[in-house]
Number of protein chains: 2
Amino acid sequence: MSQLQRITINPSQLQESQLLLTPQQQHYLLRVLRSRDGDKFIAMDGISKWWLAQLIGEQGQILEPLEVTTELPVSITLMVALPKGNGCDDIVRCSTELGVTCILPILSDRTLLKPSPQKLERWRRIALEAAEQSERAFVPTILEPVAFRTAINECASIHRYICEARGNYPHLTTVSNKFSSEIIIAIGPEGGWTDQELEIALESGFQPISLGRRILRAVTAPIVALSLIAAACEV
Amino acid sequence: MSQLQRITINPSQLQESQLLLTPQQQHYLLRVLRSRDGDKFIAMDGISKWWLAQLIGEQGQILEPLEVTTELPVSITLMVALPKGNGCDDIVRCSTELGVTCILPILSDRTLLKPSPQKLERWRRIALEAAEQSERAFVPTILEPVAFRTAINECASIHRYICEARGNYPHLTTVSNKFSSEIIIAIGPEGGWTDQELEIALESGFQPISLGRRILRAVTAPIVALSLIAAACEV
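Residues numbered from 1 in each chain as written. Chains lettered and ligands numbered in written order. Predicted model: local features only at pLDDT ≥ 70, side-chain atom pairs only at ≥ 80, totals over all residues. Heavy atoms only, no water.

**Observations regarding the sheet that holds strand E5 (residues 50–56) of chain A**
Residues and elements named next belong to chain A. Ordered by their spatial adjacency, six strands build an open sheet running E1-E4-E5-E6-E3-E2, and the pairing between neighbours is mixed. In this open sheet, the two edge strands, each paired with only one partner strand, are strand E1 (6–8) and strand E2 (14–15). In terms of strand pairing, E2 meets strand E3 (residues 18–19) through two bridges, oriented antiparallel. Bridge pairing in E3 places Leu 14 opposite Leu 19. Packing of helix H1 (residues 23–32) onto the sheet brings it into contact with E1, strand E4 (40–44), E5 and strand E6 (59–66), and relative to E1 it is tilted by some 175°. (Pairing = 2+ DSSP bridges. Helix = DSSP H or I, 4+ residues; strand = E, 2+ residues; numbered from the N terminus. Contact = heavy atoms within 4.5 Å. Axes fitted to C-alpha atoms, helices over the stretch in contact; angles between N-to-C directions.)

**Remarks on the sheet that holds strand E3 (residues 18–19) of chain B**
Strands belonging to one sheet form pairs held by backbone hydrogen bonds; the direction of such a pair is parallel or antiparallel. Residue and element names in this part refer to chain B. Overall, mixed pairing links the six strands, which are arranged E1-E4-E5-E6-E3-E2 in an open sheet. Unpaired on one side and paired on the other, strand E1 (5–8) and strand E2 (14–15) mark the two borders of the sheet. Relative to strand E4 (residues 40–44), E1 runs parallel, the two sharing four bridges. Looking at E4, one finds that Ile 7 is bridged to Ala 43. Sheet strands touched by helix H1 (residues 23–32): E1, E4, strand E5 (50–56) and strand E6 (59–66). Its angle to E1, the strand with the most contacts, is close to 175°.

**Re the interface of chain B and chain A**
Each partner contributes to the interface: chain B provides 32 residues, whereas chain A provides 32 residues. A buried area of about 2800 Å², summed over both sides, lies between chain B and chain A, and 54% of it is on carbon and sulfur atoms. At the junction of chain B with chain A, the criterion picks out 18 residue pairs in polar contact (both at pLDDT 80 or more). Elements supplying a minimum of two residues to the side of chain B that touches chain A: helix H2 (87–97) and helix H6 (220–234) of chain B. At eight residues, H6(B) tops the list of elements feeding residues into the side of chain B that touches chain A. Looking at the side of chain B that touches chain A residue by residue, the classes come out as 11 nonpolar, 11 polar and 10 charged. (Buried area = accessible area lost by both parts, 1.4 Å probe. Polar contact = N/O pair within 3.5 Å; in protein donor to acceptor, adjacent residues only side chain to side chain. Nonpolar A, V, L, I, M, F, W, Y, C, P; charged D, E, K, R; others polar.)

**Some words on the side chain of Thr8(A)**
The topology assignment puts Thr8(A) in strand E1. From its side chain, Thr8(A) meets the backbone oxygen of Ser181(A) in a polar contact 3.5 Å long.

**Some remarks on H2(B)**
Residue and element names in this part refer to chain B. Among the 11 residues of H2, nine are classified as buried, and the element is accordingly described as predominantly covered. Those residues of H2 that fall on the buried side of the exposure criterion are Gly 87, Cys 88, Asp 89, Ile 91, Val 92, Cys 94, Ser 95, Thr 96 and Glu 97. Directly after H2, the chain includes Gly 99, whose backbone phi takes a positive value near 100°. (Buried < 20%, exposed > 50% of the residue type's maximum accessible area, 1.4 Å probe, protein only.)

**Quick look at the relation of the copies chain B and chain A**
The two chain copies are connected by a rotation around an axis plus a translation along it. The two copies are related by a screw operation: chain B maps onto chain A through 180° of rotation and 0.0 Å of translation along the axis, at an RMSD of 0.0 Å. Such a turn and shift between the copies fits a two-fold axis. Of all interface residues in chain B, 100% are interface residues in chain A too; the two copies therefore contact each other through one and the same surface. (Least-squares fit on C-alpha atoms with pLDDT ≥ 70 in both.)

**A word on the domain arrangement of chain A**
All names here are of chain A. What the domain assignment reports for chain A is domain 1 (6–66) and domain 2 (75–234). For domain 1 and domain 2, the distance between their C-alpha centres works out to 24 Å. Across the contact, 11 residues belong to domain 1 and 12 residues belong to domain 2. Both sides together, the interface formed by domain 1 and domain 2 hides about 900 Å², and carbon and sulfur atoms give 60% of it. Of all residues in domain 1, the largest losses of buried area upon contact with domain 2 belong to Arg 6, Thr 8 and Val 32, amounting jointly to 50% of the total for that side. Linking domain 1 with domain 2 are zero salt bridges, by the criterion used here. In this structure, the connection of domain 1 to domain 2 is made through one residue pair in polar contact (both at pLDDT 80 or more). Listing elements by their share of the side of domain 1 that touches domain 2, those giving two or more residues are E1, H1 and E4. Here the side of domain 1 that touches domain 2 gets four residues from one element, more than from any other, and that element is H1. Of the residues in the side of domain 1 that touches domain 2, the class split is seven nonpolar, three polar and one charged. (Domains from an automatic or database assignment. Salt bridge = Lys/Arg side-chain N within 4 Å of Asp/Glu carboxyl O.)

**Description of the nonpolar core**
The biggest cluster of nonpolar side chains holds 84 residues, and the ones touching the most others in it are Leu172(A), Ile185(A), Leu172(B) and Ile185(B). Beyond its immediate sequence surroundings of up to four residues, Leu172(A) is in contact with Phe179(A), Ile185(A), Ile209(A), Ser210(A), Leu211(A), Ala225(A), Leu228(A) and Ile229(A). Ile9(A), Ala81(A), Ile162(A) and Leu198(A) belong to the second-largest nonpolar core, a separate cluster that totals 31 residues. (Core = buried A, V, L, I, M, F, W, Y, C linked by side-chain atoms within 4.5 Å.)

**Some words on unusual backbone geometry**
We note that Glu135(A) has phi near 65°; this positive angle belongs to a residue other than glycine. Mapped onto the secondary structure, Glu135(A) falls in the loop between helix H3 (117–133) and strand E9 (141–142). Since its relative accessible area comes to 37%, Glu135(A) is described here as partly exposed. Unusually for a residue other than glycine, Arg34(B) sits at a positive phi of about 55°.

**Focus on the packing of helix H2 (residues 87–97) of chain A against H3(A)**
Residues and elements named next belong to chain A. For the pair H2 and H3, the least separation of the axes is 8 Å and the interaxial angle reads 30°. The angle between H2 and H3 places the two elements in the roughly parallel class. The element H2 and its partner H3 pack so that their crossing is right-handed. Of the residues in H3, those in contact with Cys 88, Asp 89, Val 92, Arg 93, Thr 96 and Glu 97 of H2 are Arg 122, Trp 123, Ile 126, Ala 127, Ala 130, Ala 131 and Gln 133. (Parallel < 35°, antiparallel > 145°, perpendicular 65-115°, else oblique. Left-handed = near helix turned anticlockwise from the far one by under 90°.)

Shown next, in the form of structure tokens:
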């Protein structure tokens, strides 16, 4: 079972076996994920076609088409503020079952946990087990935890959402008809985002959304968000 | 914070302060819940009005209107096959956060756990804490575990669904436009329902549905189902 990064391409980027990457995709693969020459990744057209590809310099090369039935037709990155205790274990496990593509743990202003390198290894092992159990084709990528501001700056995508329990924001399902091939969703820690964090995210183009009228725990909120996104994309 | 059973009424059942219960509601309150004369319950019209009511003989008496903002406008009963270990703790906690009305633990053919009376007390305490944390107005009812066949026979409602991971069934969201004021959803144990259980449920009028293309753990499936039902009813 492969732990491969996934990018969504436009059919016009394909020229025979060459895959012309956009500057955003190059930034994501080379800078954010630190991929190197020869590293493999998945290219998908966001509808039904999947290819195994390889990074050659700053461009991609298509290696072979893939048959995939249990993966979502979109790429979902979950930016999640680290909850206390072992909460992140549950988030990684459940998010993987629900089809997440990439998990980016966030050190937010209210994050108490300073994770050890062993934690990252543990989350990657949990993701692998959960991908196998849920019969997924790929294992989600678990990135190294980064500071909130770094994450906000690095995550470039038109469809970026930040969940906020308080405040009268539109429900996630009311924006689901706008979901495109790449979705980034940010979920806060116990006690929520600070006002300043929310402000920074909104200034960077994140759209504030609600997950319903009740206050969800930090561990429950990602499961709810991914359930709704997966259902909207899969049905 | 009150742990009160909730029933959905039709405005025509209200005659001044008298509430004329249907035979089904009488069966549910008196037989399934074993309510007694003088026991309080919540009556709701399934849209926006809520009343505190009291059982007098086999009928209801309206005591006062209630103001409620964090409760779902529907009554959801989760019939859940007991998972192994402490899995039911998580199910009770998350389901409560998501607005469940009643949880009926099921002893299915593949249930390994034989819960002690202490377990039931523990689940009720978890439900109380989760209701407070999520700022709900009411605490869900946790019923005593019963055998699968008993549960199927006792649960009378037009909107009954049974989740099944294998098989090509319609996704829960495709039937969400049919949700009415009372929904019963049954979710199986690790390894799923046995063929015989599924057959019995379908014969009794349960509609088989899917929660997506990946195989979810017994603990994750109820959270996904309730996320989708809550969003469909609340948005």
